[in-house]
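# Tertiary structure, described
As a plain string of letters, each chain reads:
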Amino acid sequence: MANVLLITPRPGHASLPELSLLAHHVTTLAPADQMLTESASSDVILIDARDDLVGARSVCQSFVSAGIIVPRLAVLPPGGLAVITVEWGCADFIVDGAGPAEYEARLRLLTTSQPTGPETISGGGIVIDEAAYSVTLEDRVLDLTYTEFELLKYLVQHPGRVFSREHLLAEVWGYDYYGGTRTVDVHVRRLRSKLGTEHESLISTVRNVGYRFSAGR
């Protein structure tokens, strides 16, 4: 049995009746309640995005900003498939109308410990703690947004490899991202600024191709 925290604007325990058929302990809160505090005792967080996609995305990102690593599952309306991206900070999603068996399967996958590889990635003086969503550069903590974190992590994981802007968009932003490749340039520029002039060359530009992380600068 898992401790499930349901964040929903719909009042009452009937907001997701499918959960009442499962053997889990469910705590229901409105988005404005003590959701960050309550998440400390939760195994998984359900974000109800059926009525307000923008508000639900903001809720998801508030957990990311707070460094809370409890896995999150977004409950989407059918039209929500077109807008959810990696920037939401959710481990998985489920579409409204799914039955109890699907909820049970997704909750089971999110709450079952699985090998995920090393939680710490390092290179060029950068140390990335995946579990804590933190990055340090020679003992200096970098204040990164979720997307900046994911972009830097991807580059550091593949030192020396050159990636096109299109490839980075697909891997970091997701295949359903509708923005242009310029957003990659903007985020690289911000990352270099936060790395500082002494270390900005860690992310090098390969003309007419894309970007590369050069750990041995």
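Preceding this paragraph is the structure being described.
Numbering of residues begins from 1 in every chain and follows the order in which that chain's sequence is written. Local features in a predicted model are, by the rule used here, given only for residues with pLDDT of at least 70; side-chain atom pairs are given and counted only at 80 or more, and totals for whole chains, interfaces and linings are based on all residues. Computation of side-chain values covers all heavy atoms of the structure but excludes hydrogens and water.

When helices and strands are counted, the protein chain shows six helices and 12 strands. Based on C-alpha atoms, the radius of gyration is set beside the globule rule, defined as 2.2 Å times the residue count to the power 0.38. Its C-alpha radius of gyration of 19 Å places the protein chain within 12% of the 17 Å reference for a compact globule of 217 residues. When the backbone C-alpha atoms are referred to their principal axes, the protein chain occupies close to 55 × 35 × 30 Å. For every residue, the accessible area (1.4 Å probe, protein chains only) is compared with the maximum for its type, and the residue is labelled buried under 20%, exposed over 50%, or partly exposed between those bounds. Buried residues in the protein chain amount to 42% of all 217 residues. Secondary structure elements follow DSSP: runs of H or I of four or more residues count as helices, runs of E of two or more count as strands, with numbering from the N terminus.

This brings us to the sheet that holds strand S2 (residues 25–29). The sheet built from five strands is open, its strands ordered S2-S1-S3-S4-S5 with parallel pairing. For this open sheet the edge positions go to S2 and strand S5 (92–95), each flanked by a neighbour on one side alone. Here the strands of the sheet are splayed against their neighbours by 25° on average, with no regard to which way each runs. As judged from the four bridges shared by strand S3 (residues 44–48) and strand S4 (residues 72–76), these two strands associate in the parallel manner. Paired with Ile47 across the bridge in S4 is Ala74. Note on contacts: a residue pair qualifies if any of its non-hydrogen atoms lie within 4.5 Å across the two residues. Angles here are taken between N-to-C directions and fall from 0 to 180 degrees, while the axes themselves are lines fitted to C-alpha atoms, restricted in helices to the stretch in contact. Here helix H2 (residues 53–65) sits on the sheet and contacts strand S1 (3–7), S3 and S4; the angle it forms with S3, its principal contact strand, is near 155°. Here helix H3 (residues 100–111) sits on the sheet and contacts S1, S3, S4 and S5; the angle it forms with S5, its principal contact strand, is near 175°. Here a strand pair is declared whenever DSSP counts at least two bridges between the two strands.

The sheet built from three strands is open, its strands ordered S10-S12-S11 with antiparallel pairing. Looking along the sheet, the strands with just one partner apiece sit at the ends: strand S10 (162–164) and strand S11 (203–206). Sheet twist, expressed as the mean angle between neighbouring strand axes with direction ignored, is 35°. Here helix H5 (residues 165–173) sits on the sheet and contacts S10 and strand S12 (210–213); the angle it forms with S10, its principal contact strand, is near 85°. Sitting on the sheet, helix H6 (residues 182–195) touches S11 and S12, and the angle it makes with S11 is about 145°.

Under the 1.5 Å per step criterion, the end-to-end length of helix H4 (residues 146–157) is 16 Å for 12 residues, consistent within 8% with the ideal 16 Å. Across the 12 residues that make up H4, a large majority, 11, are buried. All buried positions along H4 are accounted for by Tyr146, Thr147, Glu148, Phe149, Glu150, Leu151, Leu152, Lys153, Tyr154, Leu155 and Val156. How far a helix is expected to stretch is found by multiplying one less than its residue total by 1.5 Å.

Further remarks concern the side chain of Ser39. By the element assignment, Ser39 lies in the loop between helix H1 (35–38) and S3. On the basis of relative accessibility, which here comes to 2%, the residue Ser39 falls in the buried class. Once you skip the residues sitting within four places of it in the chain, Ser39 turns out to touch Leu5, Ile45, Phe63, Ile68 and Val70.

Positionally, Leu144 belongs in the loop between strand S9 (140–142) and H4. Relative accessible area serves as the criterion here: at 18%, Leu144 is assigned to the buried category. Remark: the alpha-carbon pair of Leu144 and Arg190, spanning 46 residues in sequence, is separated by 9.1 Å. Among all residues touching Leu144, those that are not within four sequence positions of it are Val135, Phe149, Leu152, Leu191 and Lys194.

Glancing now at the packing of aromatic side chains. Classification of ring pairs rests on two measures: the distance between centres of Phe, Tyr or Trp rings, Trp counted by its six-membered ring, which must be within 6.5 Å, and the angle between planes, read as stacked under 30 degrees, edge-to-face over 60 and tilted in between. In total, this model carries three aromatic pairs according to the counting rule given. An aromatic cluster is defined as three or more aromatic residues linked by ring pairs; in this entry it consists of Tyr133, Tyr146 and Phe149.

Pairing of side chains with opposite charge becomes possible as their charged atoms draw close. A carboxyl oxygen of Asp or Glu within 4 Å of a side-chain nitrogen of Lys or Arg is what we treat as a salt bridge. Summed over the entire model, instances satisfying the criterion amount to 10 salt bridges. A salt bridge links Glu102 to Arg106; its shortest N-O distance comes to 3.0 Å. With Glu102 and Arg106 both in helix H3, this residue pair falls four residues apart, about one helical turn. What makes Glu102 partly exposed here is its relative accessible area of 33%. The class of Arg106 is partly exposed, set by a relative accessible area of 22%. Here Lys153 makes a salt bridge to Glu130, at a shortest N to O gap of 3.3 Å. Here Lys153 is found in helix H4, whereas its partner Glu130 is found in the loop between strand S7 (126–129) and strand S8 (134–137), with 23 residues between them in sequence.

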